[in-house]
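# Structural overview
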Amino acid sequence: MNKIAGLTLLFCSLMLPALAQNNFKFQAALHKADSAGFYRISLQPALVAKARADLSDVRIADAKGKFVPYIQAGSLPQKNQKSFVVFNPVAARLTTDTGTTYIVENKTGLGLDRLWIKLQNTAVQRKVNLMGSDDLQQWFAIQEEIPLQEAVQNSEGTYMQSLSFPASNYRYLKILVNDKNKTPIKFLQAGIYTEYAATMAYSPIPDVKFSRADSNKTTYISIKLNDNYQVNKLHLNISAPKYFKRNITVYQIIGHYKEAVTETELNSAKNDDLLFAAKARELLLQIENGDNQPLTISSLNAYQTDQYLISYLDSKQSYHLLAGDSTVQAPEYDLKFFADSIKDNSPTISHDAVVKNDVPAAVQPAAGRDYTAFIWIAIIIAAGLLLFLTLKMTKEVGKKTDGDA
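Computed from a predicted structure; not experimentally measured.

Here the focus is the pattern of salt bridges. Counting across every chain of the model gives six salt bridges. A salt bridge links Lys 127 to Glu 145; the nearest nitrogen and oxygen atoms lie 3.9 Å apart. Placement of the pair is Lys 127 in strand E10 (residues 127-133) and Glu 145 in strand E11 (residues 140-147), with a sequence separation of 18 residues. Classification of Lys 127 as partly exposed rests on a relative accessible area of 35%. Note that Arg 281 and Asp 227 form a salt bridge whose closest N and O atoms lie 3.5 Å from each other. Highlighted residues: Arg 281 in strand E20 (residues 273-288) and Asp 227 in strand E17 (residues 218-240), separated in sequence by 54 residues. For Arg 281, a relative accessible area of 45% gives the class partly exposed. On the accessibility criterion, Asp 227 (10% relative accessible area) is buried. Here the residues in one salt-bridge network are Lys 50, Asp 227 and Arg 281, joined through shared partners.

The next subject is the packing of aromatic side chains. Each aromatic ring pair is described using two quantities: the centre-to-centre distance and the angle formed by the ring planes. In the structure shown here, the tally under the stated rule is five aromatic pairs. Measuring from ring centre to ring centre gives 6.0 Å for Phe 24 and Phe 67, while their planes differ by 85°; the resulting arrangement is edge-to-face. Remark: Phe 67 occurs in strand E4 (residues 67-68) and Phe 24 occurs in the loop between helix H1 (2-21) and strand E1 (26-29); sequence separation between them is 43 residues. For Phe 24, a relative accessible area of 2% puts it in the buried group. The interplanar angle of 85° and the centroid separation of 5.4 Å between the aromatic rings of Phe 38 and Tyr 312 together place this pair among those described as edge-to-face. Of this pair, Phe 38 sits in strand E2 (residues 37-43) while Tyr 312 sits in strand E22 (residues 307-313), and the two are 274 residues apart along the sequence. You can call Tyr 312 partly exposed: its relative accessible area is 46%. We note Lys 233 situated over the ring of Tyr 202; from NZ or CZ to the ring centre the distance is 4.3 Å. The cationic tip of Lys 233 hangs over the ring face of Tyr 303; the distance from NZ or CZ to the ring centre is 4.8 Å.

Definitions and limits used
Residues numbered from 1 in each chain as written. Predicted model: local features only at pLDDT ≥ 70, side-chain atom pairs only at ≥ 80, totals over all residues. Heavy atoms only, no water. Salt bridge = Lys/Arg side-chain N within 4 Å of Asp/Glu carboxyl O. Helix = DSSP H or I, 4+ residues; strand = E, 2+ residues; numbered from the N terminus. Buried < 20%, exposed > 50% of the residue type's maximum accessible area, 1.4 Å probe, protein only. Phe/Tyr/Trp six-rings, centres within 6.5 Å; stacked < 30°, edge-to-face > 60°. Lys NZ or Arg CZ within 6 Å of the ring centre and 35° of its normal.

What follows is the structure, encoded as structure tokens:
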């Protein structure tokens, strides 16, 4: 009887990781690691499209269904302190119950996908929202619910943390800490490492379709994508006129509504790139022409900022990425405390095509047959058998106790 109960428990323990994986709607097999060590895992636009904007529902799983720790590449500490550019803090008057607010000015004009903040040592748990603005009046959301790390033990009394977010080029950045009615935390500095901003790379988003309509001194450009892609850059190839300077507003289309993402300008003296952050299937560009002729736009391309996870992989193991579970929280791995051990030149690997995760990868059946229902039936039967055996053993122990009495 004890053997049956033990086998039942073993069966359940083996099946639960696979069933946990099945909550993720999509998966993609990782390329094989050449040798054991840390790797930069490149997340292609097709996978990022299936995940949340902050990638909090992305997991790395091995062949047994166990999750493998990782950190986002933007969390790696920078060793060359000379390249750190401190952004000037900007004074702003806010209501006292809003929470701790820290506003800085990005005078570099560079597009950013991460911001380093320096804080006084603290061991509290807080989350922050990051917003951007070009005039300190109208603010646009960039990233929400970013967890602040707790300080590691050190003698300096301060620590640095990186905030990773979809690329944008707002002049002002506002960090709003969700600490309403709690003791505030202390910000000391915010800035960037210039080599990060200078080497920002992008991956093209496929199958971009656009159409235009000109009316009442305004040009409207509708952009349609075939998935919920993360868009960080649009490149407009403007062939005429030779000189122009037009205000442009980028909207994200959500159902029957449009939501402003950024307001900027198109200028013939600059490149024709628009940097912002939006996760959408459809975008709308509104160009104000005034009394000028509409711009001639011969082509349009969309891009996602390159996204990387860093994880320790074994060459003898096979791994896959999971995404698309709306119920999970962002993972908390101990690996973040050992980021100093990760080298900057870690090799990069990517992943195969994204597919539906209809059946757990650890128990994948032959193609063309779906055993998901049978798996659940087996689990229910096993749980029922375990309950039956437990009740039977309880009754027998009770009878034995009564007999001894």
